[in-house]
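# Coordinates in review
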Amino acid sequence: MKQISLLIKPASSLCNLRCTYCFYEDVSANRECASMGIMDDQTMISLIDKTLELKVDQVNYCFQGGEPTVAGIDYFRKFINYVNIKNKTKRITYAIQTNGTLLNDEWISLFAKHSFLVGVSLDGFMENHNRVRKDTAGKGTFKTIMANIRKLEKAQIDYNILTVLTHDLAKRPEELFTFYQKHHLNYIQLIPCLPTLEGNPLIDRFHLTPADFAKFYKVFFDKWYEAYMKGRYMSVTLFDNVIPMYLNVPPQQCGMLGKCHMQLVVEGNGNVYPCDFYVLDEYCCGNINEHSIEEMMKHERAKAFLLEKRKLCKECDTCPFIHMCHGNCRRLSVCYYDEHYCGYKEFLMYSKEKMLRIAKMLAGQEGSR
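Remember, it's a predicted structure, so these values are computed and weren't measured experimentally.

### With respect to the packing of helix H9 (residues 210-229) against helix H13 (residues 343-362)
Between H9 and H13, whose axes approach to 8 Å, the crossing angle comes to 20 degrees. One element, H9, and the other, H13, form an angle in the roughly parallel class. Pair H9 / H13 crosses with left-handed handedness. Note on element contacts: H13 touches H9 through Gly343, Tyr344, Glu346, Phe347, Tyr350, Ser351, Lys354, Met355, Arg357, Ile358, Met361 and Leu362, opposite Pro210, Phe213, Ala214, Tyr217, Lys218, Phe221, Asp222, Trp224, Tyr225, Tyr228 and Met229. Considering only residue class, the contact of H9 with H13 consists of 16 nonpolar, two polar and five charged.

Right, here's the structure in full:
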């Protein structure tokens, strides 16, 4: 089945929180225009028209920010209504990544009615979360978000948890795992905390280093493996992608094979970029109001982006996992390895036998106890 996915920023970089490490605030600060504002109706219409005219069977609309709910619920109602009017044959899916603070009953009803997959940013246990994810008044947001997660559960809305793995949080893998289990949070994506593009010591102290990565994941994986072997599965994006690779199943997460793809990130003003990590002026491939999607995917800047070389680690030359990595994601790699040391390799070496056992179990080659 042919499908296309778009990452839409209806509120650009606007947000109602002031997270200490926000990577998109850093990205937008490196553009001529930091915020493109809330997407207007004409841009929304152009986006929908041009995706629905493509020769694909399925269109996946994912909303992100900044904080996408800042665009207001009427934006989403109009978006969905227009899709319903224009769409004749395609399967449509919706997803949203949100900080979860504004999810009142109206939002919950909208998500339930239209089968949204909701990604909620929650940085683990209250102490850690409130330290780094504050509102504009400087107050922690943990209790509000946890209450809204329970609303999602009550409405039977599919959701997952997005946790930014910082230098500090990486020191507490057991506590984080226990928190997830205690609160029955079973779908987890751990996102490495990136250093800023230009270097800002106040923010970069949160940056996840390759050594942090290896130390954290060795402990976290052991806790996860123990629970898995007892029949309690928790979906962790890294493990869900790596384990099937031992069965020659390619990963679903972008960049894990060291190869970039055109992501089609649509900013508030309609500008289109190839990757959420590179929503920068020099990577703009056109505007959804002025160009077709085919034109933008074939744009010289898109081609150049896909061909850009990545810095590798010297360990890559002899690494037994190079066929499973190829340098991994170009932007995230700074959290996995430096010039001489690879935390990703160290973790894969450590976890290999247990991952292989699970892979064989999944393939029916070995029974679980």
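### Re the pairing of strand E4 (residues 117-121)
Burial analysis of E4 places four of its five residues in the buried class, the great majority of the element. Relative to E4, strand E3 (residues 91-98) runs parallel, the two sharing four bridges. Directly across from Gln97, in E4, lies its bridge partner Gly119. Viewed along the sheet, the connection from E3 through helix H4 (residues 105-113) into E4 turns out right-handed.

### Details of the sheet that holds strand E1 (residues 3-8)
What the nine strands build is an open sheet, ordered E7-E6-E5-E4-E3-E2-E1-E8-E9; its pairing is mixed. The open sheet has two edge strands with one neighbour each: strand E7 (235-236) and strand E9 (272-273). On top of the sheet, H9 reaches strand E5 (159-165), strand E6 (187-192) and E7; it is set at about 175 degrees to E6, its chief contact.

### Notes on the packing of helix H2 (residues 41-52) against helix H3 (residues 73-86)
Here H2 crosses H3 at 35 degrees, and the two axes come no closer than 10 Å. For the pair H2 and H3, the crossing hand works out as right-handed. The segment H2 lies against H3, with Asp41, Met44, Ile45, Leu47, Ile48, Asp49 and Leu52 engaging Tyr75, Lys78, Phe79, Tyr82, Val83 and Lys86.

### Digging into the pairing of E5
A regular strand places its side chains on the two faces of the sheet in alternate fashion. Extensive coverage of E5 is indicated by the burial of seven of its seven residues. Alternating residues of E5 divide into Tyr159, Ile161, Thr163 and Leu165 and Asn160, Leu162 and Val164, and every residue in both groups is buried. Sheet analysis places E4 next to E5, joined by four bridges and oriented parallel. Across the sheet, residue Val120 finds its bridge partner in E5, namely Ile161. Where E5 and E6 come together, five bridges link them in parallel fashion. Within the sheet, the bridge partner assigned to Thr163 lies in E6 and is Leu190. In this region the chain leaves E5, passes through helix H7 (residues 173-182) and returns to the parallel neighbour E6; the handedness of that crossover is right-handed.

Scoring rules and cut-offs
- Residues numbered from 1 in each chain as written.
- Predicted model: local features only at pLDDT ≥ 70, side-chain atom pairs only at ≥ 80, totals over all residues.
- Heavy atoms only, no water.
- Axes fitted to C-alpha atoms, helices over the stretch in contact; angles between N-to-C directions.
- Helix = DSSP H or I, 4+ residues; strand = E, 2+ residues; numbered from the N terminus.
- Parallel < 35°, antiparallel > 145°, perpendicular 65-115°, else oblique.
- Left-handed = near helix turned anticlockwise from the far one by under 90°.
- Contact = heavy atoms within 4.5 Å.
- Nonpolar A, V, L, I, M, F, W, Y, C, P; charged D, E, K, R; others polar.
- Buried < 20%, exposed > 50% of the residue type's maximum accessible area, 1.4 Å probe, protein only.
- Pairing = 2+ DSSP bridges.
- Right-handed = clockwise from strand over helix to strand, strands pointing away.

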